[in-house]
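A closer look at the structure
Listed below are the residues making up each chain.
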Amino acid sequence: MSDFFKFGNSKSANDAEQPGQEDTQNGKLLALLSSGRHYLLAAIVLSVALVLLLIVGNNSHASVRLASAHEEWLPADTTTIDNTVEKKRVIQLQSGDHAVAGLQRLGFDLATSRRMVAVALPVYNLRDIRAGQKFKRVDSADAIDVYYNISGEERLHLHQQKDQEWQCTKEVREVLTRQRVVAGTIDDSLFGAADQAGMDQRTTMNLVDIFAWDIDFARDMRSGDSFDVVYEEHFDDEGNILDTTILAAEFVNQGTHYRAVRYVDSSDKAEYFTPDGKSMRKAYLKAPVKFSRISSRFQTRRLHPVLGYTRAHRGVDYAAPTGTPIHAIGDGYVSFAGWKNGFGRFILITHNNRNHATAYGHMHGFARNIKAGVRVKQGQVIGYVGMSGLATGPHLHFEFRVRGVAVNPLTVKHPPAQPVAGREYHRFQQQVAPLLTELDELQAQATWG
């Protein structure tokens, strides 16, 4: 390497003597070397340029791809959205609300709201709306729809196509059903046992109604009594429970087994029968007040708690809180409703066979539309427990009269209603057989624990 540098830069004695020839040769060599350096430098520069170009090119392509990806996520044209997506709004009616005010809260002006109520009137009177119910508005590109749920089964639908008049129809809502089976044993109360088994109060009351002709739930209940129930729950299309229907049930009261199955006959009439087709319904209920206690029985001699002397007590007293509903124990008509001396507010019902009558005294008040001459049905609420007249506490004085003479209500035998008709019996057996099987399976599960 040192020779190379010496060769390019030093002169010997001979060099000085022959400058022309050697200088020319050296110049050529230097030119050649200089040109080689330039080529090498040019090659390096060119390589760097190519690398930079590739990098820039790659970055350029990456940025293009990123831009394309970004463009794909841009929102669509808003006009397209308006043409395809519905806008919904729901308001809940408050106490004191009327239809026009509710519709205005949905965004309609006063004149439009009044027009909508008028259009709906032939189909449904929107003056009958209830607090807690909802109005729902749905806007699309070319129409407006307003819905109001009349009940769990029906819906009011107001519809306006663009630039046209409002139309109103009533629609049938879908009802969903599921079947449940429950079993329980009574320790303290029927309602407590039913709640523990997962059965709601309305179903428990229906259970009481089914067996009310055979079991006096005021005085016959005992710890250890049990029940098995197969029933349906009915829901609306929003998942709200509407009601329940008991399909089959068994109640064990003081060791006696009572069974009932629901049968819908060929004329679509539903009633409860025993497994062999006898009606669960009797001519009279066993008691006019549910879940009360007997505070005084039928006696020929009793010391009157207010008057202070001994006289006959021609009925049964059911102690219950003020306001407890009182039920007519059988079909008939009200022959008297008013104030009757020591009985206070008093109702007398003459029953369909004309030989029997029942009396209800010391009421807090009468049920709506109950007055002399009105017909009543078995189980109908006719009044409420109170302590009007000569009474020391809230209770119902109840009498059962045969041809005008009071007899002991607790010992009267009540004949059953009509059994399953002979022509229906085969159909009855086919319909109730699966229900009885479910009851048997429930009992088997309880037995084996």
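All of these numbers come straight from a predicted model, not from anything done at the bench.

1. Regarding the overall build of the chain
A tally of regular secondary structure across the chain gives 9 helices and 22 strands. In the chain, which comprises 449 residues, the share counted as buried stands at 36%. With the model as given, the accessible surface of the chain reaches about 26700 Å², and the carbon-plus-sulfur share is 53%.

2. Some details on the sheet that holds strand 2 (residues 134-139)
Strand order in the open sheet formed by 5 strands is 1-2-3-4-5, with antiparallel pairing between adjacent strands. The open sheet is flanked by strand 1 (87-92) and strand 5 (166-172), the only strands paired with a single partner. The sheet shows a mean angle of 20 degrees between the axes of neighbouring strands, direction not considered. Of the strands in this sheet, strand 3 (143-149), strand 4 (154-161) and strand 5 are in contact with helix 6 (residues 110-120), which crosses strand 5 at around 50 degrees.

3. Let's talk about the confidence of the model for the chain
Scored by pLDDT, the chain has a mean of 80; 76% of the residues are at 70 or more. When mean pLDDT is taken per element in the chain, strand 20 (residues 381-385) scores highest with 96 and helix 1 (residues 2-9) scores lowest with 41. Of the regions scoring below 50 in pLDDT, residues 1-24 engages in 5 contacts with residues more than four places distant in sequence or in other chains. Taken as a whole, residues 58-83 scores under 50 in pLDDT and shows 3 contacts with residues more than four places along the chain or in a different chain.

4. Here's the deal with the sheet that holds strand 6 (residues 176-185)
Reading across the sheet, the 5 strands line up as 6-7-8-9-10 and stay open at both edges, with antiparallel pairing between neighbours. Each edge of the sheet is formed by a strand with only one pairing partner; in this case those strands are strand 6 and strand 10 (270-273). Averaged over all neighbouring strand pairs, the angle between strand axes comes to 20 degrees, with direction disregarded. Strands in contact with helix 7 (residues 190-197) are strand 6, strand 7 (226-235) and strand 8 (241-253); relative to strand 6, the strand with the most contacts, it is inclined by about 125 degrees.

5. Details of the pattern of salt bridges
According to the stated counting rule, one finds 19 salt bridges in the structure shown. A salt bridge links Asp236 to Arg173; its shortest N-O distance comes to 3.4 Å. Of the two residues, Asp236 is situated in the loop between strand 7 and strand 8 and Arg173 in the loop between strand 5 and strand 6; the sequence distance between them amounts to 63 residues. The exposure classification of Asp236 matches that of Arg173, with both residues buried.

6. Describing the pairing of strand 14 (residues 316-319)
Here strand 14 shows no split at all, with Val316 and Tyr318 on one side and Asp317 and Ala319 on the other all buried. Summarising the sheet, strand 14 and strand 21 (residues 395-402) pair through 4 bridges and their orientation is antiparallel. What sits directly across from Val316, in strand 21, is Phe398.

7. Describing the pairing of strand 4
In this sheet, strand 4 lies alongside strand 3 in antiparallel orientation, the contact comprising 7 bridges. Across the sheet, the residue bridging to Ile144 is Gln160, located in strand 4. The hairpin turn running from strand 3 into strand 4, its antiparallel successor, is 4 residues long. In this antiparallel pair of consecutive strands, strand 4 and strand 5, the connection spans 4 residues, and Asp163 shows a positive phi of 65 degrees.

8. Regarding the environment of Ala320
Among the secondary structure elements, Ala320 is positioned in the loop between strand 14 and strand 15 (325-327). Of the residues examined, Ala320 reaches a relative accessible area of 7% and is grouped as buried. For the pair formed by Ala320 and His395, sequence separation is 75 residues and the distance between their alpha carbons is 5.5 Å. With residues near it in sequence (within four places) discarded, Ala320 still touches Val289, Ser292, Val385, Pro394 and His395.

Definitions and limits used
Residues numbered from 1 in each chain as written. Predicted model: local features only at pLDDT ≥ 70, side-chain atom pairs only at ≥ 80, totals over all residues. Heavy atoms only, no water. Helix = DSSP H or I, 4+ residues; strand = E, 2+ residues; numbered from the N terminus. Buried < 20%, exposed > 50% of the residue type's maximum accessible area, 1.4 Å probe, protein only. Areas by Shrake-Rupley, 256 points an atom, 1.4 Å probe, with all protein chains shown as cover. Pairing = 2+ DSSP bridges. Axes fitted to C-alpha atoms, helices over the stretch in contact; angles between N-to-C directions. Contact = heavy atoms within 4.5 Å. pLDDT = per-residue confidence, 0-100. Salt bridge = Lys/Arg side-chain N within 4 Å of Asp/Glu carboxyl O.

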